[in-house]
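So you can see what is in the structure, the chains are spelled out below.
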Amino acid sequence: MSLDKAVPTPKHNYEDRGEVIEKLGLKSGLSALMASGMQPEFAKTQMFLQHLLRTNMVFRAGSFSVFGRHRVPKPGTILSKTSNQGFFKGAIAKERIFTRTKNGIVIGHHDKDHKRLDQDKKDGPNIPIHQRHQPTVQLTIRLRDILRELREGGDLELVSSHSNGEMRFKYKQGKGDSSFKGEFVINWKEGKEFVAKESRDWDNERSDPDFNVETQIIKKPPHIAMSDEDWESFYREAKGDEEHPEKEFPLWFHDGKDKSNLKPAEVFSNAEGVVISGDWDGLALGFPVDEEFILVKNGESIKLNPNQVFNTFDLNAPIGLTLVDLFNSTCDLLTYYQQKIRAKQAADPQYEMSPMDYALLELTPESDGFCNHFALSRAGCITPFEFLHNILLNYFYRVEAGMALRKSTAIEVNDFNNLKKAYEAGIQVARQLLLNSKPPATREQAIEAAKKEAKKNYLSCYSPERRNSDTFRVTHQKAIEHLNNKLLQTIALYQNEISDQTLDGDKLAPFLTISHPEYDENMQNLMQHGFDMRNPYGSNLDGAWIIITNDQMVIYGNTEEQLIEFMLRTDFLETNDIDVNPLANMAAGWYKIVIRQQELGRDIPPKTLEALKRYQDRMQLSERIMSEGAPQPEQTKAKLGKRIAAVISYYGNPSRFKRRNKVGVDVNEDKPTHRPGTTGA
């Protein structure tokens, strides 16, 4: 049956969501968060938000950890894309050859970034942050980075490993820039201690499918040039244990001409020195179809259109009109939701508000960051509904309810006392060494002794069983790292007279919250632009994704085909209206979504209908060719004869053809030439 003759079917036999998730090989719940790399507190905020707005959100999922390092996953002040090559993934490489590739070609840095990336260091309080010099650091890699690239789907292969700790890697066939013939080098015996600042379980080796419970290591990837014994030695050195933190290794490379001439692999670092969280690219899905947006204003009932698209990049629109209209529409929508919450409170005195309800009631157009220039300039093609989502998300991270949520995901309040005791024990050891030892200890010796004593004291507060639990290591390493930093600061400041100051819970809390708006440029605007389903260049759902639904489901998959099948095989489309981008990949199955929405009586944007029609026409042509079969030799010969006759008729006698240059212009005549049936352009 042709696609455009699909018969509407009023009833569908939908499957149970749990069964569909299992059949499609998707992950859900905590497993989905772990696979996507989404921070739990960010996911929880989204759950509040989706439930409040009765919508769903699909994010392009991250694939590996960059948090806690001195490099940036994607600073909002830089327009260059992060690299998608090998160890540089998630960072902005300084060397052009290691920047992002598209269709096998290196695209380099964005034109608007060159001035900032190339200039001398001229930082200062009077220089706007988007104009400041972007410093570089040598890229460091960890065990997880190496595992990712050596496994199937990774970009690198191990060329050699030596007993001195040196490991050399090169790109696999077809990976990286083809002009790079060199190697990447680390020495795992020269690793530096690293404590992850992350709220994900990405580092938890026990969650890895290749983790061996007996040997307590992740098994060696197949086909690598390294013995099992060397792999185990390297693994234990890189991973560390309770007494020794994990290691990270400076990355070097050579260009292939001189293998001994190693250069540092440099990436652009965060201008502030700390990166907590990157931004997330999102795709709004599922506007509520059974709700009328009626706003009561000055006693009048006004029908809102929360799904009207505003293109803030539209240069043909009257100056400022698009932004003003978007602002006014978003303010009206904010008032509408506030009226809904107050109506619930009036109808039910026992109504229990969520943290997001409180945040929404606190929000006003005058609130800091409600509609700043940065948010408007990056909005793109967006609806008031989506823009309000952005504003609420960013605002929630700054109010008390949001901070409380982040604090609860970092470390329990009861642990503050243990940190305080450990800090005091470390300071006491440092005091003894600096003031009483003969000869007096150096500051470095005092700091190392204090760190060791503080960590020992802190870990002793917990049973061995708890210390070995899956969550303890990730959560409490953050506390230990902060403990070390506070010891270092205190001892450096009071080398000759150690202060009696102690760790106060209120002072410690901001350092233990994972995502803090003031630590990361990306956190200033978590969603920095319009949602990808409205991207004028097409929606980008290539690769892994994670969806958070309005009924608190969290699902992770690897392909957009899985997402489409999930929506079609469940009742998802019955209650959610999806605006399919005209440039979406119809062959992946988006045409089925559009057709199903037609059956449900939804309004489809004209450009999307045009895209569907073009796809259907191509499919019908393909069907006709398949049914008629390939042209017979006689038919082909007849068509070829007509073609030759047309050429001779146009050009005259072939023996008198003139020599033509490469662009199809007569060498002897300034006259464009082209074959019959072409445009000649």
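Before reading on, note that the structure itself is shown above.
Residues numbered from 1 in each chain as written. Predicted model: local features only at pLDDT ≥ 70, side-chain atom pairs only at ≥ 80, totals over all residues. Heavy atoms only, no water.

S.K.: Would you take a moment to explain the side chain of threonine 608 for this structure?
M.R.: Mapped onto the elements of the fold, threonine 608 is located in helix H21 (residues 606-628). Exposure remark for threonine 608: the relative accessible area of 1% places this residue in the buried category. Beyond its immediate chain neighbours, meaning those up to four positions away, threonine 608 contacts Val580, Asn581, Pro582, Met586 and Val594. (Helix = DSSP H or I, 4+ residues; strand = E, 2+ residues; numbered from the N terminus. Buried < 20%, exposed > 50% of the residue type's maximum accessible area, 1.4 Å probe, protein only. Contact = heavy atoms within 4.5 Å.)

S.K.: Please clarify how the nonpolar core should be interpreted in this entry.
M.R.: Nonpolar side chains in soluble globular proteins tend to end up buried together. One finds Met38, Leu333, Tyr337, Met356 and Leu392 to be the most contacted residues of the largest nonpolar core, which totals 47 residues. At the level of elements, helix H2 (29-36), helix H3 (40-53), strand S2 (56-60), helix H7 (321-347), helix H8 (355-362), helix H10 (384-396), strand S23 (545-548) and strand S24 (554-557) are the ones that each hand at least two residues to this core. Ranked by residue count, the leading element in this core is H10, at eight residues. When sequence neighbours within four positions are dropped, the list of residues in contact with leucine 333 reads Phe293, Leu304, Pro306, Pro384, Phe385 and Leu388. Judged by nonpolar contacts, the second largest core, of 34 residues, contains Phe87, Leu150, Phe169 and Leu251. (Core = buried A, V, L, I, M, F, W, Y, C linked by side-chain atoms within 4.5 Å.)

S.K.: How should the environment of glutamate 560 be read in this particular structure?
M.R.: Tracing the backbone shows glutamate 560 in helix H18 (residues 560-569). Accessibility expressed as a relative area gives 13% for glutamate 560, which makes it buried. As a C-alpha pair, glutamate 560 and tryptophan 590 span 30 residues in sequence and 9.2 Å in three-dimensional space. Beyond its immediate chain neighbours, meaning those up to four positions away, glutamate 560 contacts Leu541, Trp545, Asn585, Ala588 and Trp590.

S.K.: Just to check I follow, could you spell out helix H6 (residues 228-239) for this structure?
M.R.: Think of an α-helix as 3.6 residues a turn; residues three or four steps apart then line up on the same face. Between its terminal C-alpha atoms H6 stretches 16 Å, which fits the 16 Å expected from twelve residues at 1.5 Å a residue. By the burial criterion, the buried members of H6 are Trp231, Phe234, Tyr235, Ala238 and Lys239. The buried residues of H6 occupy an angular sector of 115° when projected down its axis, which confines them to one face. In the segment just after H6, glycine 240 is the residue with positive phi, at about 75°. (Expected span 1.5 Å × (residues − 1). Arc of directions from axis to C-beta.)

S.K.: Teacher, can you tell me more about the sheet that holds strand S13 (residues 246-250) here?
M.R.: Working definition: the strands of a sheet are paired by backbone hydrogen bonds and lie parallel or antiparallel to each other. Judged by pairing direction, the sheet is antiparallel, and its three strands sit side by side in the order S6-S13-S10 without closing on themselves. The sheet is open, and its two borders are formed by strand S6 (140-141) and strand S10 (192-194), each paired with just one other strand. (Pairing = 2+ DSSP bridges.)

S.K.: Would you explain the environment of leucine 53 in this entry?
M.R.: With respect to the helices and strands, the residue leucine 53 is situated in helix H3. Taking the C-alpha atoms as reference, leucine 53 lies 9.9 Å from glutamate 386; in sequence the two are 333 residues apart. Beyond its immediate chain neighbours, meaning those up to four positions away, leucine 53 contacts Pro288, Tyr337, Phe385, His389 and Leu392.

S.K.: Explain the packing of aromatic side chains to me, please; I cannot follow it from the model alone.
M.R.: Two aromatic rings, taken as a pair, are described by how far apart their centres are and by the angle between their planes. The tally for this structure, following the rule as stated, stands at 22 aromatic pairs. Ring centres 5.5 Å apart and planes at 85° place the aromatic pair tyrosine 171 and phenylalanine 184 in the edge-to-face group. Here tyrosine 171, found in strand S8 (residues 166-171), pairs with phenylalanine 184, found in strand S9 (residues 183-187); they are 13 residues apart in sequence, far enough to count as distant. Using a relative accessible area of 10% as the deciding quantity, one classes tyrosine 171 as buried. Exposure remark for phenylalanine 184: the relative accessible area of 1% places this residue in the buried category. Ring geometry for tyrosine 336 versus tyrosine 337: centroids 5.2 Å apart, planes at 75°, classification edge-to-face. Given a relative accessible area of 5%, tyrosine 336 falls into the buried group. Under the relative-accessibility criterion, tyrosine 337 is labelled buried at 2%. Among the aromatic residues, those joined into a cluster by ring pairs are Phe87, Phe88, Phe98, Phe169, Tyr171, Phe180, Phe184 and Phe253. The ring of tryptophan 188 carries the charged tip of lysine 189 above its face, separated from the ring centre by 5.7 Å. (Phe/Tyr/Trp six-rings, centres within 6.5 Å; stacked < 30°, edge-to-face > 60°. Lys NZ or Arg CZ within 6 Å of the ring centre and 35° of its normal.)

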